[in-house]
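A structural walkthrough
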Amino acid sequence: MSFSTRILCIGAGYVGGPTMAVIADRCPHVKVTVTDINAPRIAAWNSDELPIYEPGLDEVVKRARGRNLFFTTEVAAGIAEADIIFVSVNTPTKEFGQGAGRAADLQWWEKTARQILANAGRGKIVVEKSTLPGGGGTSWQRTTSRTNFPRSVGELRPGCECSASRLACVRMPARLP
């Protein structure tokens, strides 16, 4: 099947998995791939025993899985193929260092930014879709500024255009007003 757009979600947890399942179910012309470094979690998404429970999620996944919804541990290949990348990685509370017990641990967010830069190969739209607190955009800028990869950080709004040679980072709120 030929897909009009390819979406990748890095992170198959409570945010990424269900969000991508609904996008795939509602947009059959879009290829949606969910990646995670946790192989048992990906295996569960590919089984009849999903790793997450939400009412109706089983039916949504069954309708889309194998049609235009795919689950894999191949993060680098997914990044290379994608047009749009959702980042839904874990942002737990820091356990050590400045802000321990109060601030978010951004190590997975920063590692993911470096993975995207290393494997993108062309322009991408990157959407932050997780529990990332304020300051995530600053972390993205700090991480990506260490390379010569062209980048752009801003908000996606109607009429916004992104150059094919740039990365655009977008914060997507968990709830819309």
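In case you missed it, the structure is sitting above this.
Note that this is a predicted model, so its numbers are computed, not measured.

Moving on, we come to the overall build of the chain. Helix and strand counts for the chain come out as six helices and seven strands. The N-to-C order of helical and strand elements in the chain reads β-α-β-α-α-β-α-β-α-β-α-β-β. For the chain, buried positions account for 41% of its 177 residues. Expressed as a percentage of contacts within the chain between residues at least 6 apart in sequence, the contacts between residues at least 24 apart total 72%. Total accessible area on the chain is roughly 9,700 Å²; 52% of this is exposed by carbon and sulfur atoms.

Before going further, it helps to spend a moment on the environment of Gly 78. Summarising the element assignment, Gly 78 is placed in helix 4 (residues 75-81). The exposure class assigned to Gly 78 is buried, which follows from its relative accessible area of 8%. Sequence spacing of Gly 78 and Asn 119 is 41 residues, and the spatial spacing of their C-alpha atoms is 8.9 Å.

A few words now on the environment of Ala 64. Note on placement: Ala 64 falls in helix 3 (residues 57-64). Note: C-alpha distance between Ala 64 and Val 22 (42 residues apart in sequence) is 8.7 Å. Excluding anything up to four places from it in sequence, Ala 64 contacts Ala 24, Asp 25 and Leu 69.

Okay, the nonpolar core next. In terms of nonpolar packing, the biggest core is built from 21 residues, with Trp 45, Val 61 and Leu 69 touching the most fellow members. Membership of the second largest hydrophobic core comes to 13 residues, among which are Leu 8, Val 75, Ile 85 and Val 126.

Under the definition given, this model contains six salt bridges. Ionic pairing is found between Asp 48 and Arg 65, a salt bridge with its closest N-O pair at 3.9 Å. You can see Asp 48 sitting in the loop between helix 2 (39-45) and helix 3 and its partner Arg 65 sitting in the loop between helix 3 and strand 3 (69-72), a full 17 residues away along the chain. Taking relative accessible area as the criterion, Asp 48 reaches 57% and is therefore assigned exposed. Given the relative accessible area of 22%, Arg 65 is considered partly exposed.

Locating Thr 35 in the fold gives a position in strand 2 (residues 30-35). For Thr 35, a relative accessible area of 0% corresponds to the buried category. If we skip the residues at most four places from it in the chain, Thr 35 touches Leu 8, Cys 9, Ile 10, Gly 11, Ala 12, Ile 42, Thr 72, Glu 74 and Val 75.

Time to look at empty space enclosed by the protein. One pass over the structure, following the stated rule, counts one cavity of 30 Å³ or more. What the largest cavity holds in volume is close to 40 Å³. Together, Ser 47, Asp 48, Leu 50, Asp 58, Val 61, Lys 62 and Arg 65 line the largest cavity. Looking at the lining of the largest cavity residue by residue, the class counts come to two nonpolar, one polar and four charged.

Each value, and the rule that gives it
- Position numbers for residues start from 1 in each chain and track the written sequence from start to end.
- For a predicted model such as this one, the threshold for reporting local features is a pLDDT of at least 70, and the threshold for listing and counting side-chain atom pairs is 80 or more; totals across whole chains, interfaces and linings nevertheless cover every residue.
- Only hydrogens and water are set aside when side-chain values are computed; all heavy atoms of the structure are taken into account.
- In this text, helices come from DSSP runs of H or I with a minimum length of four residues, and strands from runs of E with a minimum of two, each type numbered from the N-terminal end.
- Note on exposure labels: buried denotes an accessible area under 20% of the residue type's maximum, exposed denotes more than 50%, and partly exposed covers the range between, all computed with a 1.4 Å probe on protein chains only.
- The contact criterion used throughout is that any non-hydrogen atoms of two residues lie within 4.5 Å.
- Each accessible area is a Shrake-Rupley estimate made with a 1.4 Å probe; only the visible protein chains count as cover when residues are assessed.
- Residues grouped as a nonpolar core are buried Ala, Val, Leu, Ile, Met, Phe, Trp, Tyr and Cys residues, joined through side-chain atoms within 4.5 Å.
- By definition here, a salt bridge exists when the distance from a side-chain nitrogen of Lys or Arg to a carboxyl oxygen of Asp or Glu is within 4 Å.
- Think of a 1 Å grid over just the protein atoms. A cavity is a set of points where a 1.4 Å probe fits yet cannot get out, a pocket is an open set with protein on both sides within 12 Å along at least five of seven lines, and lining residues have an atom within 4 Å of a point.
- Grid points are joined across faces, edges and corners, and a volume is the space filled by probe spheres set on the points.
- The residue classification treats Ala, Val, Leu, Ile, Met, Phe, Trp, Tyr, Cys and Pro as nonpolar and Asp, Glu, Lys and Arg as charged. All others, Gly included, are polar.

Shape is all these values report; function is a separate question.
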